[in-house]
Amino acid sequence: MKINCEEDSFSESEQESNVKRLQKFTDDNLHVEYAPQRNTTVYGSSRCPEHIKSKEKMGIGDLVKDHALPFLPAKSICRFRSVSKEWNKWITNPFLAHKQSHCFQDISGFFCQIAGEHSFISCDPHSCGVQDPSFSFLPEPVILRTTCNGLICCQSCIGDNAYYICNPVNRQWKVLPKPNQYHGPGSAVALAFEPSVLDFEANYQLVCAIPLADHPVLCFEIYSSGSKSWRPVDTLCCEEDALKLSGDGFYMKGMVYWETLAGSVLAFNLTSEQNETLPLPPKCGPEGVLTKRHGELCYILPHKKDNEYAIGIYGDFKMVLKHSFPLELDDFGTPEGLRALPSLNDDVLAILFGNRIITYHVKAQKVKILGTVRPDGFVTCHPYVNSLVSADH
């Protein structure tokens, strides 16, 4: 299976530029010297097999190809295809896609959706991006439901409302079989994918919480890419505070989390398939967001008081206030609407301020505009990892 990293063709000058950029990258980031080793025996012989380069023969290009590329975003990797035929063959190899999906897991930007139209706002357009953020490579119009570590779950707007799992970087996609239960209004999904060195097939699960008509109960149905089928979960949720979910959820460390309209969190354990409810801060609402920061579940809530903006970070299982940062937003005017978005990383917080996505760098205490969205409707912003992960299995 080849990885289809679609990129524009490169002229000779662009190829030379890529080679120079590669050399600069290696000069700036890699300062490794290998000393010859004596009396080294490999497989009972003093010589390495022909397909394995010894350390003495390994050049800086080999080091970059084998040990640096997997830590780069997909767009940057695809640009290096023009370095040589050998690099092109390696970059389009599924082994690199597998390794990169495990090594690179930084959020690269947001897929924004307004009235069924999609756009992508990148943290760094030069290194992270997608060619087709409109999902036109899918066979029918879709809405974006949820994302997880480079994979995206979309749902058809017509017909049977089929679910699609895709990756817009390589335009790979898979349509899921029809669920056994009816996933009607009020249902909420969460995509669970954890890149692993041992999981070459990149197995994922799509978890759906389904309200039963005329019954105060939530049931669950899970699709597994391993079995390629849906199955019901024996456990039911009867907690009154968890019956109405405010939207689709997200996955972290074996758990799926959905925010509820009652101001709590419904947590679902994928291993035990048990559920529980967790509290949210008293002032939670549509302005806040559940997200991950420093590897832990947290709730980010921006607010305005006396013409001053601040952003609070709540954590622990009781969701107590852990940090509060002032936001200097005077230079951005006073548009209506202030909403938190999932954290880009441990040091960068993101908010939707009017129709602009603004980032706040905690250590540097700096605010800047990441991009703008259409101002004529409610926008949903989904974090995306610029990954080469395969989605066609």
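Along each chain, the written sequence defines residue order, and numbers are assigned to residues from 1. The model is predicted, so local features are restricted to residues of pLDDT at least 70 and side-chain atom pairs to those at 80 or more, both for listing and for counting; the totals for chains, interfaces and linings are taken over all residues. The side-chain figures draw on all heavy atoms in the structure; neither hydrogens nor water molecules are used.

S.K.: What is the right way to read the overall build of the chain from this model?
M.R.: The secondary structure listing takes helices from DSSP runs of H or I that are at least 4 residues long and strands from runs of E that are at least 2 residues long, numbered from the N terminus. When its secondary structure is counted, the chain shows five helices and 23 strands. Three exposure classes are used, based on accessible area relative to the maximum for each residue type with a 1.4 Å probe and protein chains only: buried under 20%, partly exposed in between, and exposed over 50%. Buried residues in the chain amount to 48% of all 393 residues. Considering only contacts in the chain between residues 6 or more positions apart, those separated by 24 or more positions represent 52%. Only the protein chains shown count as cover for residues, and all accessible areas are computed by the Shrake-Rupley method using a 1.4 Å probe. In the form shown here, the chain has an accessible surface area of approximately 20400 Å², with 51% of it arising from carbon and sulfur atoms. Should any heavy atoms of two residues lie within 4.5 Å, those residues are considered in contact.

S.K.: Would you mind showing me how to read unusual backbone geometry here?
M.R.: Note: most residues except glycine have negative phi, and most peptide bonds are trans. For K228, which is not glycine, the phi dihedral falls at a positive 55°. Relative to the helices and strands, K228 is located in the loop between β9 (218-224) and β10 (229-232). Taking relative accessible area as the criterion, K228 reaches 45% and is therefore assigned partly exposed. With phi around 50°, M319 is a residue other than glycine that occupies positive phi space. With respect to the helices and strands, the residue M319 is situated in the loop between β17 (308-315) and β18 (320-327).

S.K.: What's the story with the pairing of strand β8 (residues 204-211) in this structure? I'm lost.
M.R.: Note on strand geometry: in a regular strand, side chains alternate between the two faces of the sheet. Buried residues dominate β8, accounting for six of its eight residues. Here strand β7 (residues 188-193) pairs with β8 via six bridges, running antiparallel. Its bridge partner being in β8, A190 is matched across the sheet by V207. As paired elements, β8 and β9 share seven bridges and run antiparallel to each other. When the bridges of β9 are listed, P211 appears paired with L218. Any two strands with at least two DSSP bridges between them are considered paired. Two successive antiparallel strands, β8 and β9, enclose a turn made up of six residues, where D214 displays a positive phi of approximately 65°.

S.K.: What is the right way to look at the pairing of strand β13 (residues 264-269) in this model?
M.R.: Counting buried positions over the six residues of β13 gives five, a clear majority of the element. With five bridges joining them, strand β12 (residues 255-259) and β13 adopt antiparallel strand pairing. The residue bridging Y257 from the neighbouring strand is A267, located in β13. Between β12 and β13, which pair antiparallel in sequence order, lie four residues; one of them, G263, sits at a positive phi of approximately 80°. Inspection of the sheet shows β13 paired to strand β14 (residues 275-279) by five bridges, in the antiparallel sense. Paired with F268 across the bridge in β14 is N275. In this structure, the hairpin formed by β13 and β14 is closed by a connection of five residues, where E273 is found at a positive phi of approximately 55°.

S.K.: Teacher, can you tell me more about the UniProt feature "domain: F-box" (unreviewed entry) in the chain here?
M.R.: UniProt positions are given in the numbering used here, feature names are shortened, and annotations may be inferred rather than shown by experiment. Feature annotation in UniProt places "domain: F-box" (unreviewed entry) on residues 71-94, given in this structure's numbering. Strand forms 0% of residues 71-94 and helix 58%; the C-alpha atoms that close the span are 15 Å apart.

S.K.: Looking at this structure, how should I read the sheet that holds β13?
M.R.: Paired through backbone hydrogen bonds, the strands of a sheet run either parallel or antiparallel to each other. With antiparallel pairing, the four strands of this open sheet are ordered in space as β11-β12-β13-β14. Each edge of the open sheet carries a strand with a single partner, namely β11 (250-252) and β14. Strand-to-strand, the axes of this sheet are offset by a mean angle of 30°, without reference to chain direction. A fitted line through C-alpha atoms represents every axis, and for helices the fit uses only the stretch in contact; the resulting angles, taken between N-to-C directions, go from 0 to 180 degrees.

S.K.: Honestly, the sheet that holds strand β4 (residues 151-156) in this entry has me stumped. Any pointers?
M.R.: Read across the sheet, four strands follow the order β3-β4-β5-β6 without closing on themselves; strand pairing throughout is antiparallel. Among the strands making up the open sheet, the edge pair consists of β3 (142-148) and β6 (172-175). For this sheet the average axis-to-axis angle between neighbouring strands, irrespective of direction, equals 25°. Summarising the sheet, β3 and β4 pair through six bridges and their orientation is antiparallel. For T146, the partnering residue across the bridge sits in β4 and is C153.

S.K.: Can you walk me through the state of the cysteines in this structure?
M.R.: We call a pair of cysteine sulfur atoms a disulfide when they lie within 2.5 Å. Inspection of the entire model under this criterion finds zero disulfides. Looking at C112, it has no disulfide partner, and the nearest cysteine sulfur is the one in C381, 3.6 Å off.

S.K.: Help me understand the layout of surface pockets, please; the structure alone is not making it clear to me.
M.R.: One simple way to see leftover space: roll a probe sized like a water molecule over the atoms. Looking at the second largest pocket, its volume works out to about 440 Å³. Using a 1 Å grid laid over the protein atoms alone, points where a 1.4 Å probe fits but cannot get out form a cavity; open sets with protein on both sides within 12 Å along at least 5 of 7 lines form a pocket; any residue with an atom within 4 Å of a point counts as lining. Taken together, 21 residues line the second largest pocket, and the ones lying closest to its centre are E296, L297, C298, G315 and D316. Contributions of two or more residues to the lining of the second largest pocket are made by β12, β14, β16 (296-305), β17 and β18. All amino acids are sorted into three groups, where Ala, Val, Leu, Ile, Met, Phe, Trp, Tyr, Cys and Pro are nonpolar, Asp, Glu, Lys and Arg are charged, and the leftover types, Gly among them, are polar. Taken together, the residues of the lining of the second largest pocket break down into 12 nonpolar, three polar and six charged. Grid points are joined across faces, edges and corners, and a volume is the space filled by probe spheres set on the points.

S.K.: Whenever I open this one, the nonpolar core confuses me. Can you help?
M.R.: Residues belong to one nonpolar core when they are buried, are Ala, Val, Leu, Ile, Met, Phe, Trp, Tyr or Cys, and are joined through side-chain atoms within 4.5 Å. Ranked by size, the top nonpolar core spans 37 residues in total, and within it L206, W258 and F268 carry the most contacts. Core analysis: the next-biggest nonpolar cluster, separate from the first, contains 27 residues, A74, W87, L96 and F111 among them.

S.K.: Any chance you could explain the pattern of salt bridges here in plain terms?
M.R.: Close approach of charged atoms allows side chains with opposite charge to pair. Just to be clear on terms, a salt bridge is a Lys or Arg side-chain nitrogen sitting within 4 Å of an Asp or Glu carboxyl oxygen. Counted by the stated rule, this structure contains five salt bridges. E273 is paired through a salt bridge with R231; the nearest N and O atoms lie 2.3 Å apart. Taken together, the residues span a long stretch of sequence, with E273 in the loop between β13 and β14 and R231 in strand β10 at a distance of 42 residues. Residue E296 pairs with K253 through a salt bridge whose shortest N-O separation is 3.7 Å. Pair noted here: E296 is in strand β16 and K253 is in the loop between β11 and β12, with a separation of 43 residues, a long-range link.

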